[in-house]
Amino acid sequence: MDGMRAITIPEFGSADVLRLDEAEAPEPGQGQVSIDVAYAGANFAEILYRQGVVDVPLPFVPGIEVSGRIRALGSGVEGLSIGQPVAALTIVDGGGYAEVVTTSADLVAPLDNHDRLELDVAAALPSNSTTAFLVLDRVARIAPGEDVLVHAAAGGVGSQLGQAARLLGAGRVVGAVGSPAKIEAAKAFGYDEVVLREQVAEAGQFDVVVDMVGGTARRSSLDLLAPMGRMVVMGNASGAEDVGISANDLWFTNKTVSGFNLAAFSAAFPEEAGRALRRAVAAAARGELRVRVESLPLEQAAEAHRRIEAARTTGKLVLEVERI
Ligand SMILES: NC(=O)c1ccc[n+]([C@@H]2O[C@H](COP(=O)([O-])OP(=O)(O)OC[C@H]3O[C@@H](n4cnc5c(N)ncnc54)[C@H](OP(=O)(O)O)[C@@H]3O)[C@@H](O)[C@H]2O)c1
């Protein structure tokens, strides 16, 4: 058995609990591959694991997405080869903040036909860009010309949702952000207009609203839905109390509220999640989806968490694990 370095969560708590440990490199099971990790995406999701908001078995190696090269193939895996550069979702069991990770072969996107994609960018795509397509296309079933509002528009997933909406033929695409400094950053991600969250009530009506902030943002978004409008709930970054939604109000006003969770979706529908991942990777390789990436070394995972928790990031942070 080979050893590897991995960031672990030994107990739930603040970013200070994260620890760089030595561990055994995992071997792929049936239908899985192992990957030598070049970069691991840093996401809000890992904050929720670390805080114990999402219950995980401890000690836990977080990390829901990586780029790197295939290290070994489990039994029954076809169409992938050792040494192949890939981007992958590791969201079902985590483990991405490590030198080696295993995942289902379904959740892998080969990169060898996408020369233009650098491995740091490739690590930023699996969670956010895949989610953006699934939320708009599969969940909200967006139609050409429909108007879209996206919360936390300058963030990791927010920066992808605006661009994906545009690619899917949306009409007016509006982003909402939490501070004035993020307005210009969000505009660079394809939004027609960007407003402050507290001014969102004046932004008009929308056919689709994507909310990952929760609290007052969620409450006001419901009022912004046009008749037959759909709100997709996909996070609660504000940490606010859950918002009660009246089913009778939805009935009287022709509105729909849906939920989306990529981890549960990938576990239930790995082939479809993999297809959405490969669609996102191809769009990024064609230059249709832009990602703004900043890289920190794996050892600085705690610093990455602190920045995400303090809403200090725009675009995407990735952790450099190994030069491959
Ligand atoms: N359901 C899924 O499958 C799925 C997939 C990807 C992401 N998500 C969710 O989408 C959200 C964004 O995730 P991300 O990884 O892309 O991170 P991110 O956008 O880079 O960071 C979260 C953003 O949320 C906003 N926010 C509002 N209140 C906040 C608070 N009290 N503390 C920190 N941030 C706050 C901030 O943007 P402003 O400054 O503009 O307010 C912040 O930048 C998270 O809620 C995450 O759980 C869900």
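Residues numbered from 1 in each chain as written. Predicted model: local features only at pLDDT ≥ 70, side-chain atom pairs only at ≥ 80, totals over all residues. Heavy atoms only, no water.

Draft legend 1. How the structure looks around the UniProt feature "domain: Enoyl reductase (ER)" (unreviewed entry) in the protein chain. As annotated by UniProt and renumbered to match this structure, "domain: Enoyl reductase (ER)" (unreviewed entry) occupies residues 13-319. Along residues 13-319 one finds 30% helix and 26% strand; the C-alpha atoms at either end are 20 Å apart. (UniProt positions renumbered as here; feature names shortened; annotations may be inferred. Helix = DSSP H or I, 4+ residues; strand = E, 2+ residues; numbered from the N terminus.)

Draft legend 2. Broad picture of the pattern of salt bridges. Taken as a whole and judged by the stated rule, the model has 20 salt bridges. Residues E299 and R5 are paired through a salt bridge, measuring 2.5 Å at the closest nitrogen-oxygen approach. With E299 in the loop between β14 (293-297) and α10 (301-309) and R5 in strand β1 (residues 3-8), the pair connects residues that are 294 residues apart, well separated along the chain. One salt bridge connects D192 with R166, and the closest N-O pair in it is separated by 2.8 Å. Residue D192 is located in the loop between α5 (181-187) and β10 (193-196), and its partner R166 is located in helix α4 (residues 156-167); the two are separated by 26 residues in the primary sequence. Classification of D192 as partly exposed rests on a relative accessible area of 43%. Look at R166 and you get partly exposed, because its relative accessible area is 33%. (Salt bridge = Lys/Arg side-chain N within 4 Å of Asp/Glu carboxyl O. Buried < 20%, exposed > 50% of the residue type's maximum accessible area, 1.4 Å probe, protein only.)

Draft legend 3. Up close: the domain arrangement of the protein chain. Domains assigned within the protein chain are domain 1 (3-124 + 291-320) and domain 2 (128-261). Placing a centre on the C-alpha atoms of domain 1 and another on those of domain 2 gives a separation of 27 Å. Contacts between domain 1 and domain 2 engage eleven residues on the former and eleven residues on the latter. Of all residues in domain 1, V291, T314 and G315 bury the most surface against domain 2, accounting for 41% of the area lost on that side. Joining domain 1 to domain 2, the criterion identifies zero salt bridges. Here domain 1 and domain 2 share three residue pairs in polar contact (both at pLDDT 80 or more) between them. (Domains from an automatic or database assignment. Contact = heavy atoms within 4.5 Å. Buried area = accessible area lost by both parts, 1.4 Å probe. Polar contact = N/O pair within 3.5 Å; in protein donor to acceptor, adjacent residues only side chain to side chain.)

Draft legend 4. Here's a closer look at the pairing of strand β6 (residues 100-104). Most of β6 is tucked away, with four of its five residues classed as buried. Note that strand β3 (residues 32-42) and β6 share five bridges and pair antiparallel. In the sheet register, S34 faces β6, and the bridge partner there is T102. (Pairing = 2+ DSSP bridges.)

Draft legend 5. How the structure looks around the environment of L224. Looking at the element boundaries, L224 is found in helix α6 (residues 216-224). When the C-alpha positions of L224 and L317 are compared, they lie 31 Å apart, and in sequence the two are 93 residues distant.

Draft legend 6. Up close: the sheet that holds strand β9 (residues 173-177). Spatially, the six strands line up as an open sheet ordered β10-β9-β8-β11-β12-β13, and their pairing is parallel. Across the chains shown, the open sheet's two edge strands, defined by having one partner strand only, are β10 and β13 (256-259). The sheet shows a mean angle of 20° between the axes of neighbouring strands, taken without regard to direction. Note: strand β8 (residues 148-150) against β9, three bridges, orientation parallel. Directly across from L149, in β9, lies its bridge partner V174. Running over the sheet, helix α3 (residues 128-139) touches β8, β11 (206-211), β12 (225-233) and β13 and is turned about 140° from β11. (Axes fitted to C-alpha atoms, helices over the stretch in contact; angles between N-to-C directions.)

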